[in-house]
Every structure is written in structure tokens, then in C-alpha cells.
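# Working through the structure, step by step
Here is how the chains run, residue by residue.
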Amino acid sequence: MGRYLITAALPYSYSVPHLGNFVGSVLPADVYHKYLKMRGDDAIYVCGSDQHGTPTELAAIKAGVAPEVLADEMHEKIKKLFEKYECTFTYYGKTNTPENKGVVYSIFNELYNNGYLLEREDMQAYCNVDERFLTDRLIEGTCPYCHKRNARGDQCDNCGRLLEPAQIKDPFCAICGKSEIRFVKTKNLALELNKLQGDIAKFIKKTSKNNWSKDAVNKSLSMIKEGLKPRDITRNMKWGFPVPLVGYENSVIYVWITGLIGYIGITKQWDSKRWRDYWQNEHTQLIQFLGKDNTIFHTIIWPGMAMGSRLGFILPHTIKESQFLVSKTLKFSKSHGVGLNMKTAIEILGADYWRFSLMYMYPENADSEFSERALVETVNTIMNDKIGNLAQRVLKLSKSNRSLIEEEIPSTKDPKVRRIIKEYEAAFDKLQLKKAIGAVVKLAELGNSIMSDREPWVLAKNAKSDAKAERQVREIFSELLSITYQLGILLYPFTPRASAELLSYFGIRSEPTSAMLNDKIRPKLDSDPKPIFQKITDKETESLRKYS
RNA sequence: AGCGAGGUAGGGUAGCCUGGAGUACCCGUCGGGCUCAUAACCCGAAGACCGGAGGUCCAAAUCCUCCCCUCGCUACCA
């Protein structure tokens, strides 16, 4: 039995996450956590709202409320949304808490004491109207190369060139639209990753053997090969944890730092004592789920901070990076209430449908395309026709032939079933989640083909007069019921509600465990079985089309 | 522009590290079977110059080089 600590990239607390965000980290992490719990491992799953950062601050200004008010409101909304999707975190916390502040400061102070923070000065744009510093992206104007007007301080979207804010012609502030910008000398503290790069490289080379994606390993190593540079970990703004040093009264610690350490702070919110048993215990396997856009924060910056602080915090064991779920036809939107996001999606279909179909399309190694067609196909043909229908036909036929059903049925010894279960477990062990869900489908396919091959409905008719037929049909029913029951268990990480429904026909009321796969079963066929999945209706399809 | 990943039947994927006949899976299509089940299920077939061009090799989807396309990162978007 291992000790596992699972994290999913923290959703920002200024908008409703869209389906791409969900399938990129929180959902696969939840699926994996449910599997580990099922296996009986000591596994905790922490996630939460990332509350700091400029976007939250700006959204608060726009809404006319304090950033902490907006961030806490959104936190509650997002937390409830995840509950609707049957995500069962050990703790879903947030980053703007005293617990997190404590951990952030202890790491920050040690980095400072150990000589890994470099003070450096720079010229930073300042808006006289808004009376605030502007991040590079908040400066807009004309591109010095292609002369298009929509260039931003970091990059021109038109010609794609990387820019410096001072290069922008006719700059104006993206917040107020005015041109009252001046450049002011500022100082920031930078984490000297250059001093740590040898150790970080060693760590990645060694640890990436634990099922890291090719993309995550190679881009991290290639970045190190090019040479790591000091990276600012403070910002000149008000929303965030103040930098605990004299001379930095107007600065806060950068959102990414409070976010990465937020995983720890959130664990501390969960349990003020036990958090150390996970985070400062070399036997804990830290499994981090995240999208491809923020890999290096987890592979380079967190390891750098953890090493530099020398506080014994663990480094990631596995980086489970996802690519992106994209859609040419449907609008995924980050803005409030617009587009197909976690809030609007759950109003159309229940949690099981989204959980299963999104995991079926999980962009594990490459971007994958989400479309109405793909969703309908997955729900209707895979979930409903293959899995749901198998359960239904087995249970109904069994119920109408109750006299031919054994009271107690041993777990099937069919080697094909054993192989599929092994494949499922091996896939999870290697964090190959698409392969794992594929094994579930395979088991249903096997059940369906056994049904067609052996035609138990024919044998059942002959059973009264034919002892041999009776013996055969009893065996087949046992086999099929065993498969149906096992299917109920394997479904649990993906579709917890359907799993519970299916297992209820076997008198199981508790959450399933892997050990139960080998248990003897006692079918309960008192009530009429109801389909565990349904096809997508025209009405639901129409609701989806609203977002095309 | 540099770096990383991806490009495989009509659609979606696996295979690539460690070369062995384009091998496999799902959807869709076509043909057959079944009638227990939610018009569901099962079996079979057709369908691919494996992004392009070179190279290495007895043999390349797989290894090497160059090119094209998509996505991500490039250190103050987070």
C-alpha cells in the first residue's frame, strides 16, 4: 500500500472553468483518486481555487467589489460545480488563507535566507489614471514591426513577434484605454533558478521515468539546456500576499508562487497536523495533473523552490500533463455564463455522461477534438448501447428466469475477463487513463458477445425439460451476472452514479473496492432493472447546439 | 523566430521508445445473423500511398535529415 498525494491544477477563481479545463486536470485526477481509494491506498486528493492574480483583481474592479469578496464568491460557486460533477476531493480549498500564507512565507523566507532570491530593478509601466502598474499584456498599442494596432506588450497577435512593453508605439492602458502611461523604476525579487538548474535537471532525468509525458519531459529538459534564468516571484500590485520584507511594501508574492504552494496550504486547511505526513514525507508519491500550458511551473519552478527552501517538501513523482480539448464547432468560453462551460454543460447532461465522455476523449497525448457528434456518439453508442444495454439485458433476462439463478455466484474464472481486469489495473498503474476506460468498454463488449454466442434465452426455454440445458444456462447466467457486477465496480472511477446503481442489483450499498472483484455475489432481482444510461435526446442535442 | 509535442481508412484513436507484410480498436458505411435487451446486441466485409521529400537497412508508421501544417511554451497572461 502506497501513500499518494494527488493534485489537480488549481482553477482560477475569476470565472467558471470550461470543459477543457475540467478534462485537463480535475477530472482525470478525480478518476485516478477514486481508483486508488478503490484499491485501498492511502491517497488524498487536494485542489482548490487559485484566488490571487491580476485577472481576479481586474474582475473585482469591474464588479465593484473587493478582490477577496469576488474570489471567495467564485470559490463557492466552483466548489459546488465540482460537487455536481461528482468530484470527491479530500479537500477543495483556496489559496487566500492564513494556512497558505504561513507556508508561502516559510518557503519564501528560507529561499531568501539561503540566498536564492535576487533583488533586481526594472522599468515597469504605470498607468496614471488607474494608479497601478501594468503587466506587459495590459499595455496595448501599435506593433513596431508590422504596424498593426492590436499589439500587446508581450507579443503582437498579428505578426507573432515577441515584444517588450517599451517597444509599443502609441501605448495605452488596456484597463482604462487612456495613454497616460509612464515607466517607473521598480524592484522585484527573482528566484535564481540558474543556481538550482543542475539539481533540477538531475531530478527530472531521474523522476520522469515515472510515466511523465514525453512533452513534459522534453520541454522541461530543453528549457534547462538553454539555461535557466532568474524568474521574478513578486509583482507590483496590491492583491495577494504582501512581500514580507522591508522596502517591498507595495509588492505581493506572484500568483503562481502562491498557487504552487497552494497545494500545500490547502492540505494544511484540510488537516493542520497531517499535512506534513504527506508533504514532508519522502515516501509520498506526489502525482500532479495539469495542462500542457503550465507544465514548467510544476517541473521546474516548484522543484526549484522546494530544493532551495531546504524544508524537506517533496517533489513531484509523476507529472500527468494533458494536452488540450479543442472544438471547432462548439464554443468553450471562459467568460461568465457564455459558451459551453462546466455550469452550462451540467444543465444539459448529468455528471456520469460528462465524466465518461470527456475521459473517453481525454487529450492524453495529443489535442483532441470535442464536438456534438463525438459526444453523442460516445454517450449513445458506447455508454448506452454497449455498457448500459449489456447490464439491462443481463439483469432483465436474469429476473425473468429467477429460478435459474444461483443464490451465490463465485467470481468468474473466464481468462478473458481476468485479462481485461488486469489490463484495467495495469493501465491505471501507468496512469494511462484512456486505456483504462477502454478496458471497461472491452468488458462490456465481451459480455455482449458471450450473450450472443451462448444464447441463454434459448437454453432457458429448454431448461424445464432438459437437465443439461439447465446446467448450462445456470453457468451462463452466473458468468454474465459476474461480468455485470464487475463492470459495476470498474465503472466506479468514471461513472460513480451508474456504478452504484448497477451494484445495487447485487445488494452493494457501499463504495466498491478492488477486492470486491473476487467476491462471491448474491444477485438481488426484486425490482425491475432500470437502464443505467440513456441516449441523448433531441432536446438535449438542441441545447448543445446553442453553443455552436 | 527559437524550443517541445502532434499529424495513422470518412471521423476518432492505439501502435513509434525496443524496425519485421499497414497490424489493431471504436464510431460511421455495406452484407449477414439474433430477437434476451433501451431499434439495442453479435459476426463478416469494404475502406489507409501511416503529413511531404530524401536517407539508413535484407526490412521503416517506427531510426536519421530537411520541409509543410496544428497546438503549447519562450521567463510580467496565468
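Now for a quick tour of the structure. (Residues numbered from 1 in each chain as written. Chains lettered and ligands numbered in written order. Predicted model: local features only at pLDDT ≥ 70, side-chain atom pairs only at ≥ 80, totals over all residues. Heavy atoms only, no water.)

### A few points about the overall build of chain A
What chain A contains, in helices and strands, is 19 helices and 16 strands. Its C-alpha atoms put chain A at 95 × 50 × 40 Å along the principal axes. Counting the 548 residues in chain A, one finds 55% classified as buried. Expressed as a percentage of contacts within chain A between residues at least 6 apart in sequence, the contacts between residues at least 24 apart total 76%. With an accessible surface of roughly 24,300 Å², chain A has 48% of that area assigned to carbon and sulfur atoms. Of the charged side chains in chain A, 78 are positive and 66 negative, and the gap between their average positions amounts to 2 Å. (Helix = DSSP H or I, 4+ residues; strand = E, 2+ residues; numbered from the N terminus. Buried < 20%, exposed > 50% of the residue type's maximum accessible area, 1.4 Å probe, protein only. Contact = heavy atoms within 4.5 Å. Areas by Shrake-Rupley, 256 points an atom, 1.4 Å probe, with all protein chains shown as cover. Lys, Arg positive; Asp, Glu negative; His and termini not counted. Charge placed at Lys NZ, Arg CZ, Asp CG, Glu CD.)

### Description of the layout of surface pockets
Empty pockets left among the atoms are what a rolling probe the size of a water molecule brings to light. In this structure, the second largest pocket occupies an estimated 420 Å³ of space. Taken together, 19 residues form the lining of the second largest pocket, with Phe 133, Asn 236, Met 237, Lys 238 and Asn 250 sitting closest to its centre. Broken down by secondary-structure element, the contributors of at least two residues to the lining of the second largest pocket are α2 (54-63), β5 (132-133) and β9 (181-191). Class assignment of the residues belonging to the lining of the second largest pocket gives a composition of six nonpolar, five polar and eight charged. (1 Å grid on protein atoms, 1.4 Å probe; cavity = no way out; pocket = protein on both sides within 12 Å on 5 of 7 lines; lining within 4 Å. Points joined across faces, edges and corners; volume = space filled by probe spheres on them. Nonpolar A, V, L, I, M, F, W, Y, C, P; charged D, E, K, R; others polar.)

### Quick look at the pattern of salt bridges
Scanning the model with the defined rule gives 30 salt bridges in all. Note that Lys 94 and Asp 72 form a salt bridge whose closest N and O atoms lie 3.1 Å from each other. A residue pair is termed long-range when its members are at least 10 positions apart, and Lys 94 in strand β3 (residues 91-94) and Asp 72 in helix α3 (residues 67-84) qualify at 22 residues. In this structure, the salt-bridge partner of Asp 352 is Arg 497, at a minimum N-O distance of 3.5 Å. Separated by 145 residues along the polypeptide, Asp 352 in helix α12 (residues 351-360) and Arg 497 in helix α18 (residues 496-504) bring together distant segments of the chain. On the accessibility criterion, Asp 352 (1% relative accessible area) is buried. One continuous salt-bridge network, built from bridges that share partners, spans Asp 30, Lys 34 and Arg 355. (Salt bridge = Lys/Arg side-chain N within 4 Å of Asp/Glu carboxyl O.)

### A short note on the sheet that holds strand β1 (residues 3-8)
One open sheet accounts for five strands, arranged β3-β2-β1-β13-β14; its pairing is parallel. Both outer strands of the open sheet, β3 and β14 (318-322), are each paired with one neighbouring strand and no more. Taking the axes of each pair of neighbouring strands and ignoring which way they run, one obtains an average angle of 20° across the sheet. Pairing between strand β2 (residues 42-49) and β3: four bridges, direction parallel. Looking across to β3, one finds that Gly 48 is bridged to Gly 93. (Pairing = 2+ DSSP bridges. Axes fitted to C-alpha atoms, helices over the stretch in contact; angles between N-to-C directions.)

### A few points about the protein's contact with RNA strand B
Contacts to RNA strand B come from 63 residues, most closely from Tyr 12, Asp 136, Ser 222, Asn 389 and Arg 393. Atoms of RNA strand B within 4 Å of the protein belong to the sugar or the phosphate in 68% of instances, the rest to bases. Between Lys 214 and RNA strand B, the recorded distance is 3.1 Å, taken from a side-chain N or O atom to a phosphate oxygen. A distance of 3.3 Å separates a phosphate oxygen of RNA strand B from a polar atom in the side chain of Asn 365. Contributing elements (two or more residues each) for the surface near RNA strand B: α2, α6 (214-226), β10 (231-232), α7 (255-260), β16 (368-369), α13 (372-399), α15 (433-454) and α16 (456-462). The greatest single-element share of the surface near RNA strand B, amounting to 13 residues, is contributed by α13. A class-by-class count of the residues in the surface near RNA strand B yields 19 nonpolar, 19 polar and 25 charged. (Near = heavy atom within 4 Å. Polar contact = N/O pair within 3.5 Å; in protein donor to acceptor, adjacent residues only side chain to side chain.)

### Describing the side chain of Glu 364
Mapped onto the elements of the fold, Glu 364 is located in the loop between α12 and β16. Polar contacts involving the side chain of Glu 364 include one to the side chain of Lys 320, which spans 2.9 Å. Side-chain polar atoms of Glu 364 contact the backbone nitrogen of Lys 434, separated by 3.3 Å. With sequence-adjacent residues up to four places away left out, Glu 364 is seen in contact with Lys 320, Glu 321, Gln 323, Leu 431, Gln 432, Leu 433 and Lys 434.

### Concerning the packing of helix α5 (residues 193-207) against helix α10 (residues 295-309)
For the pair α5 and α10, interaxial distance at closest approach is 9 Å and the crossing angle is 110°. In terms of their interaxial angle, α5 and α10 are classed as roughly perpendicular. In contact with Leu 193, Leu 196, Asp 199, Ile 200, Phe 203 and Ile 204 of α5, α10 contributes Thr 299, Ile 300, Ile 301, Pro 303, Gly 304, Met 307 and Gly 308. Looking at the contact of α5 with α10, its residues break down into nine nonpolar, three polar and one charged. (Parallel < 35°, antiparallel > 145°, perpendicular 65-115°, else oblique.)

### Some thoughts on the sheet that holds strand β6 (residues 139-142)
Strands sit in the order β7-β6-β8 across an open sheet of three strands; the sheet is antiparallel. The sheet terminates laterally at β7 (151-152) and β8 (169-173), the two strands that pair on one side only. As defined by bridge partners, β6 adjoins β8 across three bridges and the pair is classed as antiparallel. Within β8, the residue paired with Thr 142 across the bridge is Lys 169.

### Comments concerning empty space enclosed by the protein
The final tally for this structure, using the stated rule, is one cavity of 30 Å³ or more. In this structure, the largest cavity occupies an estimated 40 Å³ of space. For the largest cavity, the full set of lining residues is Leu 193, Arg 231, Asp 232, Ile 233, Tyr 254, Trp 256, Ile 257, Phe 297 and Ile 301. Breaking the lining of the largest cavity down by element, the ones donating at least two residues are β10, α7 and α10.

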